[in-house]
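Observations on the three-dimensional arrangement
Now for the letters of each chain:
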Amino acid sequence: MRRSMKLAAVVLTGSLGIASLAACGAKSTDNNSTTSSSAGAGASGIKVGMAYDIGGRGDQSFNDSAARGLDKAKSDLGVSVTEAEAKTGEAEADKETRLKSLVTSGYNPVIAVGFVYQAAVEKVAKDNPNVKFAIIDSASTTQPSNVTSLTFSEQEGSYLAGVAAASKSQTKKIGFIGGVQTELIKKFEAGYAAGAKSVTPDIKIETTYLTTPPDFSGFNDPGKGKDAAQGQIDKGADVIYTAAGSSGNGAIEAVFNAKKWAIGVDSDQASQPALAKYKDRILTSMVKNVDTAVFTYIKSVKDGSPISGTKNFDLKEKGVSLATTGGFINDIQAKLDAATAQITSGATKIPTTVG
């Protein structure tokens, strides 16, 4: 989909110069504008490099949540930033080049948005032990000590989404669309299914994955998302939850046209400007607070006590939640609160795989 922002020219220091980092899709921003160039570090003296997953800033979902955390760090902490975007179908070497370019240009820490960066982060971090790295959605046991994993309990928030879906469904048929069939996205599916069945044990759940690895285009293909949603609607699904990055925008469009209910993901999608015309059919969104994780990590670096190892953000500490924009789940809030209490107390354990 069309990005709401224009890519800025990059003014960089370091041996790579302008050409090499610009080739990786990077842009630098100062503390007043997300499109201005900034060659030096901010008032804090920290330069943060962020490498987005495919879809990038403007996807109205996962990457935009990370971007909000970066923007907050820029405004509140005075850091200088640059942003580098991935391309659909790119090779593993492209990810490594993007990270190396950020390092060579003096950015430290470097934050990789998405598990697809795991191999590249491990290699580049090993070669640059004095640079701090963070990766979102991956907790490899083989990564170097200078890599911090920022993870989430997606299954817990998705369980609540399932409770909402089953409570609102009139047909006892709901849908789940995953962008790419990976272990991470299966956590969304598992939590959603468990939550729905806690309300309606015999509910029917239509499940569609748009692509399988190594094809990750399922996170950036609104057309496929729209077709998948329409297929599920044709089978009777009246609430559809999509965990598929910007592909979910197409699913939301199909649901809106059919006057059914959509459940968004990662960001509060009913409040996203690019999706405003569909907001009356977005029941809720399973918000994954990547912005909180990004800001918390950058602040820890600025404070001189960087988070290390794996930091997981769960329902109890508001790492995941359900959006209430539109007021469409107000009537079932007591039921959702009860489910939340059961999860946060440990009384209810949410599965991470379907079965």
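Cut-off values and rules
Residues numbered from 1 in each chain as written. Predicted model: local features only at pLDDT ≥ 70, side-chain atom pairs only at ≥ 80, totals over all residues. Heavy atoms only, no water. pLDDT = per-residue confidence, 0-100. Contact = heavy atoms within 4.5 Å. Helix = DSSP H or I, 4+ residues; strand = E, 2+ residues; numbered from the N terminus. Buried < 20%, exposed > 50% of the residue type's maximum accessible area, 1.4 Å probe, protein only. 1 Å grid on protein atoms, 1.4 Å probe; cavity = no way out; pocket = protein on both sides within 12 Å on 5 of 7 lines; lining within 4 Å. Points joined across faces, edges and corners; volume = space filled by probe spheres on them. Nonpolar A, V, L, I, M, F, W, Y, C, P; charged D, E, K, R; others polar.

Details of the confidence of the model for the chain
For the chain, the average pLDDT comes to 89, and 88% of its residues sit at 70 or higher. Taken as a whole, residues 1–40 scores under 50 in pLDDT and shows 93 contacts with residues more than four places along the chain or in a different chain.

Examining unusual backbone geometry
A cis geometry characterises the amide bond from N108 onward to P109, with omega recorded as 15°. Its place among the elements puts P109 in the loop between helix 3 (92–104) and strand 4 (110–113). Between P213 and P214 the backbone carries a cis peptide bond, its omega angle lying at 10°. For P214, the position within the fold is in the loop between strand 8 (204–211) and helix 7 (222–234). A positive phi angle, close to 75°, is found at D137, a residue other than glycine. Residue K318 is not a glycine yet carries a positive backbone phi of 65°. Among the structural elements, K318 can be located in the loop between strand 12 (310–313) and strand 13 (320–322). On the accessibility criterion, K318 (63% relative accessible area) is exposed.

A closer look at empty space enclosed by the protein
Evaluation of the coordinates by the stated rule reveals two cavities of 30 Å³ or more. When its volume is computed, the largest cavity comes out at roughly 170 Å³. Looking at the largest cavity, it is lined by 18 residues, and the ones nearest its centre are F62, I185, F219, G245 and D266. For the lining of the largest cavity, the element with the most residues is helix 6 (residues 183–199), which contributes three residues. Of the residues in the lining of the largest cavity, the class split is ten nonpolar, three polar and five charged.

Focus: the layout of surface pockets
For the largest pocket, the calculated volume is near 250 Å³. Where the lining of the largest pocket is concerned, the elements lending two or more residues are strand 13 and helix 10 (333–344). Sort the elements by how many residues they give to the lining of the largest pocket and helix 10 lands first, with five residues. Of the residues contributing to the lining of the largest pocket, the split by class is six nonpolar, six polar and three charged. Lining the second largest pocket we find 15 residues, and of these G89, E90, K95, P214 and F216 sit closest to its centre. Class assignment of the residues belonging to the lining of the second largest pocket gives a composition of six nonpolar, three polar and six charged.

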